[in-house]
Amino acid sequence: MIVKEVLDEELLTLAEVKEMLTQIMEERREESDEEQVYEFRKALSHAEVFAKLSADDAKELVGQLLEFEKMKPVIAVRITDILPQSRDELRSIYAKEKFTLKEEELDAILDVVRQYL
């Protein structure tokens, strides 16, 4: 597939992608009985396997994470997709940042994430 132009760009969690792809699949199924393109099936399969939350819960978690001082949208989405359960896992997500988080900040983020496990 060749993309000619990017019309819009938006950060999405895997759960949101799964919901969108499922909706597209159902719409296409209603229109015709043709089998889905290989890439589409693989993307949907990946989203189904790795999405751990519902789309609504994922949006809610991202919103709560963005309330933290040192939280960027990209990191909030990554945390929502991975759902880290330890400080080390969380530190690995922040590894490329130019700052480090204090133990209290890590624990506060993990407490929010644990509400969704």
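Residues numbered from 1 in each chain as written. Predicted model: local features only at pLDDT ≥ 70, side-chain atom pairs only at ≥ 80, totals over all residues. Heavy atoms only, no water.

A.B. asks: Looking at this model, I keep getting lost on empty space enclosed by the protein. Mind explaining?
C.D. replies: Where empty space is left becomes clear once a probe the size of a water molecule has been rolled over the atoms. In this structure the tally under the stated criterion is one cavity of 30 Å³ or more. Lining the largest cavity are Leu14, Ala15, Phe50, Ala51, Lys52, Leu53, Ala58, Thr80 and Asp81. Among the elements of the structure, helix 1 (14–31) and helix 4 (73–82) are those that each provide at least two residues to the lining of the largest cavity. Looking at the lining of the largest cavity residue by residue, the classes come out as six nonpolar, one polar and two charged. (1 Å grid on protein atoms, 1.4 Å probe; cavity = no way out; pocket = protein on both sides within 12 Å on 5 of 7 lines; lining within 4 Å. Points joined across faces, edges and corners; volume = space filled by probe spheres on them. Helix = DSSP H or I, 4+ residues; strand = E, 2+ residues; numbered from the N terminus. Nonpolar A, V, L, I, M, F, W, Y, C, P; charged D, E, K, R; others polar.)

A.B. asks: Before we go on, may I ask you to explain the environment of Ile79 in this structure?
C.D. replies: By secondary structure assignment, the location of Ile79 is in helix 4. When near neighbours in sequence (up to four residues on either side) are disregarded, Ile79 contacts Leu65, Met71, Pro84, Leu90, Ile93, Tyr94, Ile109 and Val113. (Contact = heavy atoms within 4.5 Å.)

A.B. asks: Looking at this structure, I do not really get the side chain of Glu16. What am I missing?
C.D. replies: Of note, Glu16 is situated in helix 1. One buried charged residue, Glu16, remains without a salt bridge, the closest side chain of opposite sign being Lys59 at 4.3 Å. With near-sequence residues (within four places) excluded, Glu16 lies in contact with Leu11, Ala55 and Lys59. (Buried < 20%, exposed > 50% of the residue type's maximum accessible area, 1.4 Å probe, protein only. Lys, Arg positive; Asp, Glu negative; His and termini not counted. Salt bridge = Lys/Arg side-chain N within 4 Å of Asp/Glu carboxyl O.)

A.B. asks: What's the story with the packing of helix 3 (residues 55–65) against helix 6 (residues 103–114) in this structure? I'm lost.
C.D. replies: Packed helices, taken two at a time, are described by the angle their axes make and the gap between the axes. The contact between helix 3 and helix 6 brings their axes to 10 Å, and the two run at 160°. Our classification of the angle between helix 3 and helix 6 gives roughly antiparallel. Judged by the twist between their axes, the crossing of helix 3 over helix 6 is right-handed. Facing helix 3, whose interface residues are Leu61, Gln64 and Leu65, helix 6 presents Ile109, Val112 and Val113. Classifying every residue of the contact of helix 3 with helix 6 by side-chain character gives five nonpolar, one polar and no charged. (Axes fitted to C-alpha atoms, helices over the stretch in contact; angles between N-to-C directions. Parallel < 35°, antiparallel > 145°, perpendicular 65-115°, else oblique. Left-handed = near helix turned anticlockwise from the far one by under 90°.)

A.B. asks: Sorry if this is basic, but what is going on with helix 1 here?
C.D. replies: The α-helix advances 3.6 residues per turn, and as a result positions three or four apart in sequence lie on the same side. Across its 18 residues, helix 1 extends 26 Å between first and last C-alpha, which sits within 8% of the 26 Å expected from 1.5 Å per residue. Residues of helix 1 that are buried: Leu14, Ala15, Glu16, Leu21 and Met25. Residues of helix 1 that are buried make contact with helix 2 (38–50), helix 3 and helix 4. (Expected span 1.5 Å × (residues − 1).)

Keep in mind that these numbers describe shape and distance, not what the molecule does.
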